[in-house]
Amino acid sequence: MTQKLLIRDLTLRDGQQSSFATRMNQSQVDRVLPYYKDANFYAMEVWGGAVPDSVMRYLGENPWDRLEKIKASVGDVSKLTALSRGRNLYGYAPYPDEIIDGFFRNAVKSGLDIMRIFDALNDVNNVKSSVKSIKKYGGMADCAVCYTVDPKYDDDREPVFTDAYFLNKAQEMLALGADMITIKDMSGLIPPSRVAKLMPLFKKHLNVPVDFHTHCTPGFGLASVLTAIMCGADIVDTNIWYFAGGTGAPAIELIYIFCKKLGVELDVNMEAVAKISKEL
């Protein structure tokens, strides 16, 4: 049976945030949206992270307008996804459940399909209310397990961030009602050798789709994504060429070439991707 891989395009959120300090304005976003409708990505990350803050603070625009305009243009061709920091949402302090619930109600109403929810310290208590609210209003909860490494101690202390640690966090989030789990390596720290251990472990013990997210900051992001694909990842995160690599995620163009060599099926329309790349 041919392996089928889904692609979450990060270009309009994580891509521009990583490479260009989240400074794309609405008119620039609008130029690429007709081609996104043809590109047929499984999902597009278009909101969250630093987008709401930067859009208001530096561009003088309404972040809710951005989400609604993208939804109006792309429709249901691709699921729209965003990133939130657990109880902090998009701010810098924890909010009460009433605020979180109202926020998710409006986010789904404005076109959001999937919220990727994380806590930087993998404190599962800080994602509970967000999972409950996104599902309450008909959205999907993508719970992210944040990857990190142990400090290099001078003594013989036992490691904390073991494979069992990460799997346990994923299982706790699954118990909350996660619709998918993401291995979220926001610093690009995870080498291919570690992916080759974690991805099969997650696939064996979790009965939901597993997404793999990393960055190319240290230089091995592409190799780590390819390893995730070869180890059975259901979804991987990519950027379009000019917003890829460096501090961003790997390029879909390179992933596409490798998938052809590996016999992995993608439904992405690369002709439309080329048109987006030209505009970018």
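To keep things clear, this report deals only with the structure shown in the data block. Treat the numbers as computed from the prediction; the structure is a model and nothing was measured. (Residues numbered from 1 in each chain as written. Predicted model: local features only at pLDDT ≥ 70, side-chain atom pairs only at ≥ 80, totals over all residues. Heavy atoms only, no water.)

1. What to know about the packing of aromatic side chains
Across all of its chains, the model carries twelve aromatic pairs by this definition. Pairing Y147 with F166 gives two aromatic rings, centres 5.2 Å apart and planes at 25 degrees, and the pair type is stacked. One end of the pair, Y147, is in the loop between strand 5 (140–146) and helix 7 (163–176); the other, F166, is in helix 7, and 19 residues separate them in sequence. Judged by relative accessible area, which is 3%, Y147 ranks as buried. Measuring from ring centre to ring centre gives 5.1 Å for Y165 and F166, while their planes differ by 80 degrees; the resulting arrangement is edge-to-face. (Phe/Tyr/Trp six-rings, centres within 6.5 Å; stacked < 30°, edge-to-face > 60°. Helix = DSSP H or I, 4+ residues; strand = E, 2+ residues; numbered from the N terminus. Buried < 20%, exposed > 50% of the residue type's maximum accessible area, 1.4 Å probe, protein only.)

2. Thoughts on the packing of helix 2 (residues 26–39) against helix 4 (residues 63–74)
Interhelical geometry of helix 2 versus helix 4 gives an angle of 25 degrees and a closest axis separation of 9 Å. With respect to each other, helix 2 and helix 4 are oriented roughly parallel. Of the two elements, helix 2 crosses helix 4, and the hand of that crossing is right-handed. Each of Q26, V29, L33, P34, Y36 and K37 in helix 2 lies in contact with helix 4, whose residues at this interface are R66, K69, I70, S73 and V74. For the contact of helix 2 with helix 4, the per-class residue count stands at six nonpolar, two polar and three charged. (Axes fitted to C-alpha atoms, helices over the stretch in contact; angles between N-to-C directions. Parallel < 35°, antiparallel > 145°, perpendicular 65-115°, else oblique. Left-handed = near helix turned anticlockwise from the far one by under 90°. Contact = heavy atoms within 4.5 Å. Nonpolar A, V, L, I, M, F, W, Y, C, P; charged D, E, K, R; others polar.)

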